[in-house]
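Below are the chains, spelled out letter by letter.
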Amino acid sequence: MDDQACPRCKTTKYRNPSLKLMVNVCGHALCESCVDLLFLKGSGSCPDCNVPLRRSNFRVQLFEDPMVEKEIDIRKRVLKDYNKKEEDFATLREYNDYLEEIETIIYNLTNNIDVVGTNKRIEQYKKDNKELIMKNKAKIGREEIELEEILEIEKQMEELRRAEIARMEQEAKKQKIREKEALIDELMFAEGDAKDILNTFAQTVASNKQEEVLPPVPKITQFSTGVKFTTRGLEQTPMVTIEEGPLYRYEAPPVPDRCGPDPPSLHEIMTQGYLRHVKAETETEKAGGYSSQLPCLRALQDALAGLYHAS
Amino acid sequence: MFSTSSQRKFWTFGDENELVCLREKHNLQFILKHGVHIDEYQRYNFFLTPDEERLLLKQYELHLKEFCKRFNPPMPKGVVGTAFHYFKRFYLYNSSMDYHPKEILATCVYLACKVEEFNVSIGQFVANIKGDREKASDIILNNELLLMQQLNYHLTIHNPFRPVEGFLIDIKTRCTLANPERLRGGIDEFLEKVFLTDACLLYAPSQIALAAVLHAASKEQENLDSYVTEMLFRDAGPDKLAILIEAVRKIRSMVKMVESPARERVRIIEKKLDRCRNQENNPDSEIYKRRMREALDEDDLPYTSSNNRMSLDTSGISQVSNS
């Protein structure tokens, strides 16, 4: 980066370490002071290519090659209109063709190949896809807002954490000073042996240190997935009462039309002697949870269901 | 419960004519599909007629009964009943010229074993089949999915066996009939024959069961009419009783009409079938083997055009008509 130089005033990074190169849409670099000078009025033309430029569009050159900057600008501009998503295409092939087209346009514009024709192509595309472009723009806008929100929250968190750590360090320093003063006071005014006093102080300091061993852990307020812990919310609002609907009440399902006479109920089976004609369950079967009432009921149900069946 | 079952909704038909129509329709469909280049008269001689198909299937129903009776380990009655249902249902929507009944028969029994939770492995199962067992198990397993598809996956069958038990319990509890257990012989005999008729495609299992009980009672010179009219249909009303009486009468007459088809005729039909059956579904035919091979190859080469299949179809026909 040392051989960076402003093409107009020939200032280099070596001579002026605070040199900042700026670029505009045309891709030609200028140093900050030249920009200040040339674009005093807010607009002017590029000294290299005479393209009319606006001062507000200047930004710091991030890449060594100004062509990259130019490409980024063009890309930004083109993608504003070519904002279709993969879901907007029927096949992957179509989507890939579309991406290819974008790249061609960008390449043409950056390298000044058929600029007029390419611009015409963009205009045509814009006209053809007006609605879709608007729709996608709105969508992207929304997504961006969300992203910004997340970034903002993260920044706040970081700040809080840093403040906390600074505070704790301060505290620790103060504590140390206080201890030292106490020691000197003791040495000055106490009657006992200086060595004893030193020893006791050394011990207390050591024990204090042990307590301090845990470094101030930055408070984590989010799960790794980015979902916030709810504790913060709980601190602010005492209790979230959950809206409960009416309690669930069991309702027996409707009995379908049996298409036959009603079979006896389980109670009737037990009281009216049906069970006398069924093989009673053995002890082992009973232990397994089998009882003869249900099979008996089922046989009777099956016998009676469908008796009224008529074609 | 039968009243809410797929059996009632899709597989219980209005009357015998409906069954006859369905069978004729699929017979005709097969002939139209495979006999385009045979003239009318020849066609009649070459393919099976609906009546011949009916006779052939009757014969195979007898085979099915025998097969199940001899099956080792002995098979519960429910499996037999379910197998009969499957067999009948399958040939309502398929022609026996398309799928040979002897193959479908074994598949029906095998599937019924599974559905009725009568656990036999395929090895155990084909041990009951004479001849090439490996081939038999291949055929059964190949046809199993086809069968289920043709049954529309309506695999739950309501057999009349449990209703019979219900009636016997009810009679023992509510009637004064002396020793109802003696009816069992007659009932079993009746139910065995019922499955050789189309009754199970026309009536509810409880109606068939009641017909069996009433038939057995009359054979024992007992009269259960009062049980039916005063106990079962006390609250029902005369119209429902009339329907039931008609149904019972019809079932009993159907059972009475059961007769095994004449050997000689069946032999002729079988010979005819060997010539006119769809060779694509005949595991012994070259076409079938070729198709299987191709199906295997297709797994390796996913981009075989479906045209292949079409040309295969017609070549199969020409081969059939040449023979």
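Here the residue numbering is sequential within each chain, running from 1 through the sequence in written order. Whichever chain is written first is A, and whichever ligand is written first is 1; the rest continue in order. Predicted model: local features are reported for residues with pLDDT of at least 70 only, side-chain atom pairs are reported and counted for 80 or more only, and whole-chain, interface and lining totals are derived from all residues. The side-chain quantities take in all heavy atoms of the structure and omit both hydrogens and water.

**Topic: the packing of aromatic side chains**
All names here are of chain A. Here is the rule: rings of Phe, Tyr and Trp (six-membered ring for Trp) pair when centre to centre is within 6.5 Å. Planes less than 30 degrees apart are stacked, more than 60 are edge-to-face, and the remainder are tilted. Following the criterion strictly, the structure yields 20 aromatic pairs over all chains and no others. Ring plane angle 50° and centroid distance 5.4 Å describe the contact between Phe89 and Tyr95, whose orientation is recorded as tilted. Each residue is placed in one exposure class: buried if its accessible area under a 1.4 Å probe, protein chains only, is under 20% of its type's maximum, exposed if it is over 50%, and partly exposed if it falls in between. Here Tyr95 falls in the buried class, since its relative accessible area comes to 17%. Following the ring pairs from residue to residue traces out a cluster consisting of Tyr82, Phe89, Tyr95, Tyr98 and Tyr125.

**Comments concerning the packing of helix H9 (residues 161-174) of chain B against helix H13 (residues 225-232) of chain B**
All names here are of chain B. A fitted line through C-alpha atoms serves as each axis, taken over the contacting stretch for helices, and the angle formed by two N-to-C directions is quoted from 0 to 180°. Helical segments are the DSSP runs of H or I of at least four residues, strand segments are the runs of E of at least two, and each set is numbered from the N terminus. Between H9 and H13, whose axes approach to 12 Å, the crossing angle comes to 85°. By the angle between their directions, the pair H9 and H13 is classed as roughly perpendicular. In this structure, H9 uses Phe167, Asp170, Ile171 and Arg174 to contact H13, whose residues at the interface are Tyr227, Met231 and Leu232. Note on residue categories: nonpolar means Ala, Val, Leu, Ile, Met, Phe, Trp, Tyr, Cys or Pro, charged means Asp, Glu, Lys or Arg, and polar means any other residue, Gly included. Residues of the contact of H9 with H13, tallied by class, amount to five nonpolar, no polar and two charged. An angle below 35 degrees is read as roughly parallel, one above 145 as roughly antiparallel, one from 65 to 115 as roughly perpendicular, and any other as oblique. Whether two residues touch is decided by their heavy atoms; if any such pair falls within 4.5 Å, the residues are in contact.

**Here we look at unusual backbone geometry**
Backbone torsion omega between Asn72 of chain B and Pro73 of chain B reads 0°, so that peptide bond is classified as cis. On the secondary structure map, Pro73 of chain B appears in the loop between helix H4 (50-70) and helix H5 (77-92). The residue Cys259 of chain A is not glycine, and still its phi comes out positive at about 60°. Inspection of the secondary structure puts Cys259 of chain A in the loop between helix H7 (231-236) and helix H8 (266-271). A residue is classified by how much of its surface remains accessible, and Cys259 of chain A, at 6% relative accessible area, is buried.

**Describing the layout of surface pockets**
All names here are of chain B. Cavities and pockets are found on a 1 Å grid laid over the protein atoms alone: a cavity is a set of points where a 1.4 Å probe fits but cannot escape, a pocket is an open set with protein on both sides within 12 Å along at least five of seven lines, and a lining residue has an atom within 4 Å of such a point. Grid points are joined across faces, edges and corners, and a volume is the space filled by probe spheres set on the points. Reported here for the largest pocket is a volume of approximately 900 Å³. Lining the largest pocket we find 27 residues, and of these Phe67, Lys102, Leu105, Ile129 and Lys130 sit closest to its centre. Of all elements in the fold, only H4, helix H6 (101-115), helix H8 (133-150) and helix H15 (263-276) reach the threshold of two or more residues within the lining of the largest pocket. Per-element accounting of the lining of the largest pocket gives the leading share, five residues, to H4. For the lining of the largest pocket, the per-class residue count stands at 10 nonpolar, six polar and 11 charged.

**Notes on the interface of chain B and chain A**
Taken together, the contacts link 29 residues of chain B with 24 residues of chain A. Put simply, buried area is how much 1.4 Å-probe accessible surface two parts lose in total, over both of them, once they are put together. When chain B packs against chain A, close to 2,300 Å² is buried across both sides, 67% of that on carbon and sulfur atoms. Three residues, Met1, Arg162 and Ile169 of chain B, lead the burial of chain B against chain A; their summed loss comes to 26% of the area buried on that side. Each salt bridge in this description consists of a side-chain nitrogen of Lys or Arg and a carboxyl oxygen of Asp or Glu lying within 4 Å of one another. Between chain B and chain A we count one salt bridge in total. Between Asp302 of chain A and Arg162 of chain B there is a salt bridge whose closest N-O contact spans 3.5 Å. Pairs of N or O atoms are called polar contacts if they sit within 3.5 Å, as long as, within protein, a hydrogen donor faces a hydrogen acceptor (for residues adjacent in sequence, only side-chain-to-side-chain pairs). At the junction of chain B and chain A, the tally comes to nine residue pairs in polar contact (both at pLDDT 80 or more). Classifying every residue of the side of chain B that touches chain A by side-chain character gives 14 nonpolar, eight polar and seven charged.

**Considerations on the pattern of salt bridges**
Residue and element names in this part refer to chain B. Across all of its chains, the model carries 36 salt bridges over all chains by this definition. Between Glu61 and Lys88 there is a salt bridge, with the nearest N and O atoms lying 3.0 Å from each other. In this pair, Glu61 is assigned in helix H4 and Lys88 in helix H5, connecting sequence segments 27 residues apart. A relative accessible area of 2% means that Glu61 is categorised as buried. In this structure Lys88 comes out as buried when scored by relative accessible area, which is 3%.

**Focus on the sheet that holds strand E2 (residues 29-31) of chain A**
Residue and element names in this part refer to chain A. Note on pairing: two strands pair once DSSP finds at least 2 bridges between them. Taken in spatial order, the three strands of this open sheet run E2-E1-E5, and their pairing is antiparallel. At either margin of the open sheet sits one strand with a lone partner, and together these are E2 and strand E5 (59-60). Where strand E1 (residues 21-23) lies against E2, three bridges are found, and the strand directions are antiparallel. What sits directly across from Met22, in E2, is Leu30.

**Describing the packing of helix H12 (residues 205-219) of chain B against helix H14 (residues 238-257) of chain B**
Relative placement of two packed helices is described by the angle separating their axes and the distance separating the axes. All names here are of chain B. Remark: H12 packs on H14, axes separated minimally by 9 Å, with the N-to-C direction vectors making an angle of 70°. Between H12 and H14, the angle falls in the class roughly perpendicular. Seen along the crossing, H12 lies across H14 with a hand that is right-handed. On H14, the residues touching Gln207, Ile208, Leu210, Ala211, Leu214, His215 and Ser218 of H12 are Leu244, Ala247, Val248, Ile251 and Arg252. In terms of residue class, the contact of H12 with H14 is made up of eight nonpolar, three polar and one charged. Should the near helix be turned anticlockwise from the far one by less than a right angle, the crossing is left-handed, and should it be turned clockwise, the crossing is right-handed.

**A look at a nonpolar patch on the surface**
Residue and element names in this part refer to chain A. Like-charged residues within 9 Å of one another, or nonpolar side chains (Val, Leu, Ile, Met, Phe, Trp, Tyr) within 5 Å, are grouped into patches, provided each residue has over 30% relative accessible area and no salt bridge. The Shrake-Rupley method, run with a 1.4 Å probe sphere, supplies the accessible areas, and residue values consider only the shown protein chains as cover. Among the surface-exposed residues, Leu62, Phe63 and Val68 lie close enough to one another that they form a single nonpolar patch of about 280 Å² accessible area. Tracing the backbone through its elements, the reader meets Val68 in helix H2 (residues 66-81). Look at Val68 and you get partly exposed, because its relative accessible area is 33%.

**Brief notes about the confidence of the model for chain A**
As a per-residue measure, pLDDT tells how confident the predictor is, with possible values from 0 to 100. In the predicted model, chain A carries a mean pLDDT of 83, and 89% of its residues have values of at least 70. Throughout residues 231-235 of chain A the model reports pLDDT below 50, and contacts reaching past four residues in sequence, or to other chains, amount to one contact.

**Quick notes on helix H3 (residues 92-110) of chain A**
Residue and element names in this part refer to chain A. The terminal C-alpha atoms of H3, which comprises 19 residues, lie 27 Å apart, in line with the 27 Å expected from a rise of 1.5 Å per residue. Of the positions making up H3, those classed as buried are Tyr95, Tyr98, Ile102, Ile105, Ile106, Asn108, Leu109 and Thr110. Asn112 sits one or two positions beyond H3 and adopts a positive phi of about 55°. To estimate how far a helix should reach, multiply one less than its number of residues by 1.5 Å.

**Some points on the side chain of Thr197 of chain B**
All names here are of chain B. Within the secondary structure layout, Thr197 lies in the loop between helix H10 (184-194) and helix H11 (199-202). For Thr197, a relative accessible area of 7% translates into the label buried. There is a polar contact of 2.6 Å between the side chain of Thr197 and the backbone oxygen of Val194. Thr197 has contacts with Lys88, Met254, Val255 and Val258, leaving out every residue within four places of it along the chain.

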